[in-house]
Amino acid sequence: KFHDDYFADHSPRNRENEFYDHLSKNIILDDLFADLPELKNKRVLYYGCGENISILDRLLAAAADVTCFDLSEVALKKIRAKYPSAKLAVIDAHHLAFKKEQFDIILGRGILHHLDIAVALEEIKRVLTHSGVAVLIEPLGINPVISLYRALTPSSRTKDEHPSNFRDLKTVQEKFTSGTCHYY
């Protein structure tokens, strides 16, 4: 309900969204795609897509097969309006309704910190091919300014949401054989 309401009318977060959209489109997006292997002939899962068209535009232009999911039907309706033939599904990230090793690449932005990370990572690992790559961008809770901002704006997030911490990063390292971290 929180996310459906958010995507239906997120005017209380417009200034925050402008910041994140600028960061996403102008800084993170280029780095995100630089970290990905060649997308041609790849099966890609856009993990928790929300209504982020800028990432989807790039994925659809480059990858052989793109599947998107989110918890919010409202967000997916917005994507469906622009891409009527897109493969979209309302799915809980803790229980991915996909076959084992179905995707070569999994791409997500700002999703894991809403989830039980250990459970979500097990599902990512299950649906990712053995040679697959997952690129996930998450907020870190180690920046004191961001932590203060989050404390002052509790209505902008769910109660169970938490920015990633060093324990979460360790969980990622334990679940996967290799990985790299970039900090923004």
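A brief structural summary.

A few points about the side chain of H113
Following the sequence through the fold, H113 ends up in the loop between strand 4 (103-109) and helix 5 (117-127). A relative accessible area of 5% means that H113 is categorised as buried. When neighbours within four sequence positions are excluded, H113 is seen to be in contact with E138, P139, D160, E161, H162, P163 and S164.

Quick look at the pattern of salt bridges
Within this structure, the stated rule accounts for seven salt bridges. Among the salt bridges present, the one from D104 reaches R43, with a minimum N-O distance of 3.1 Å. In this pair, D104 is assigned in strand 4 and R43 in strand 1 (residues 43-47), connecting sequence segments 61 residues apart. With a shortest N-O distance of 4.0 Å, K170 and E174 are connected by a salt bridge. One end of the pair is K170 and the other is E174, both in helix 7 (residues 166-175) and four residues apart, which spans about a single turn. The exposed category is assigned to E174, whose relative accessible area is 56%.

Here we look at the environment of R109
Along the chain, R109 turns up in strand 4. Distance in space between the C-alpha atoms of R109 and L32 is 9.4 Å, their sequence separation being 77 residues.

Brief notes about the packing of helix 5 against helix 7
Closest axis-to-axis distance for the helix 5/helix 7 pair is 10 Å, and the angle between their directions is 30 degrees. Here helix 5 lies roughly parallel to helix 7, going by the angle between them. Two packed elements cross with a definite hand, and for helix 5 against helix 7 that hand is right-handed. Facing helix 5, whose interface residues are I117, A118, L121, E122 and K125, helix 7 presents D168, T171, V172 and K175.

Points about a nonpolar patch on the surface
Together, I142, F166 and Y183 give the surface a local cluster of nonpolar side chains, amounting to about 350 Å² of exposed area. Turning to its location among the elements, Y183 is positioned in the segment after helix 7. Since its relative accessible area comes to 52%, Y183 is described here as exposed.

Considerations on helix 5
Along helix 5, the positions that sit buried rather than exposed are I117, A120, L121, E123, I124 and V127. Across the axial projection of helix 5, the buried residues extend over an arc of 160 degrees, all falling on one side. The secondary structure elements touched by the buried residues of helix 5 are strand 1, strand 4, strand 5 (128-137) and helix 7. Where helix 5 begins, one side-chain oxygen reaches toward the backbone nitrogen of A118, 3.2 Å away; that side chain belongs to D116.

Some points on the nonpolar core
Core analysis: the largest hydrophobic core is formed by 23 residues, its most contacted members being L32, F33, L39, I55, L59 and L107. When contributions to this core are tallied by element, the ones reaching two or more residues are helix 2 (14-35), strand 1, helix 3 (53-62), strand 2 (65-70), helix 4 (73-82), strand 4 and strand 5. A per-element tally of this core places helix 3 first, with four residues. Residue contacts for L32: discarding those within four places in its chain leaves I55, L107, V135 and I137.

Concerning the sheet that holds strand 4
Ordered in space as 3-2-1-4-5, the five strands form an open sheet in which the pairing is parallel. The sheet is open, and its two borders are formed by strand 3 (87-90) and strand 5, each paired with just one other strand. Sheet twist, expressed as the average angle between the axes of neighbouring strands with direction ignored, equals 20 degrees. With four bridges connecting them, strand 1 and strand 4 associate as parallel partners. Along strand 4, the bridge assignment pairs V44 with I105. Taken strand by strand, helix 5 contacts strand 1, strand 4 and strand 5, and its axis lies near 135 degrees from that of strand 5.

The rules behind the values
Residues numbered from 1 in each chain as written. Predicted model: local features only at pLDDT ≥ 70, side-chain atom pairs only at ≥ 80, totals over all residues. Heavy atoms only, no water. Helix = DSSP H or I, 4+ residues; strand = E, 2+ residues; numbered from the N terminus. Buried < 20%, exposed > 50% of the residue type's maximum accessible area, 1.4 Å probe, protein only. Contact = heavy atoms within 4.5 Å. Salt bridge = Lys/Arg side-chain N within 4 Å of Asp/Glu carboxyl O. Axes fitted to C-alpha atoms, helices over the stretch in contact; angles between N-to-C directions. Parallel < 35°, antiparallel > 145°, perpendicular 65-115°, else oblique. Left-handed = near helix turned anticlockwise from the far one by under 90°. Patch = residues over 30% accessible without salt bridge, like charges linked within 9 Å, V, L, I, M, F, W, Y side chains within 5 Å. Areas by Shrake-Rupley, 256 points an atom, 1.4 Å probe, with all protein chains shown as cover. Arc of directions from axis to C-beta. Polar contact = N/O pair within 3.5 Å; in protein donor to acceptor, adjacent residues only side chain to side chain. Core = buried A, V, L, I, M, F, W, Y, C linked by side-chain atoms within 4.5 Å. Pairing = 2+ DSSP bridges.

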